[in-house]
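Given next are the chains, with one letter for each unit.
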Amino acid sequence: MRYDVTVFRPYPFKVGQKIRIEETRRQGDWEIAAVNEHTLTLRCPISKKEFEWTKFCYMVDEEKAVKWPR
């Protein structure tokens with residue numbers, strides 16, 4: 001039998017990348033400060049505070065030429 005399958009892949013983050021996370025407790029605008037095999041370090045563009053978290057994001061959409069940070 002054949003089925004429709006939804007496939008998720010971790011996003012290949014790059015240092016310096018500007019991102020927006022929506023609909024989670026980490027929502028907001030962030031800059032990628034560091035990436036390693038298991039964690040991401042995100043920097044707030046306003047306060048410049050950094051937070052290291054286990055990788056958790058998957059790409060859903062890309063927006064072109066939008067205001068950042070909001």
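Okay, so let's go over this structure.

Rules used throughout
Residues numbered from 1 in each chain as written. Predicted model: local features only at pLDDT ≥ 70, side-chain atom pairs only at ≥ 80, totals over all residues. Heavy atoms only, no water. Buried < 20%, exposed > 50% of the residue type's maximum accessible area, 1.4 Å probe, protein only. Helix = DSSP H or I, 4+ residues; strand = E, 2+ residues; numbered from the N terminus. Pairing = 2+ DSSP bridges.

With that settled, consider the pairing of strand β1 (residues 18-21). Side-chain positions along a regular strand alternate between the two faces of the sheet. A one-sided burial pattern is seen for β1, the buried positions being Ile19 and Ile21 and the unburied ones Lys18 and Arg20. A loop of 6 residues connects β1 with strand β2 (residues 28-35), the two strands running antiparallel in sequence, and glutamate 23 in this loop sits at a positive phi of about 65°.

A word on unusual backbone geometry. The residue after tryptophan 68, namely proline 69, is reached through a cis peptide bond having omega -10°. On the secondary structure map, proline 69 appears in the segment after β4 (50-54). A positive phi angle, close to 65°, is found at glutamate 23, a residue other than glycine. By relative accessible area, glutamate 23 is classed as exposed at 74%. With a phi close to 70°, lysine 48 is a non-glycine residue in the positive phi region.

Shape is all these values report; function is a separate question.
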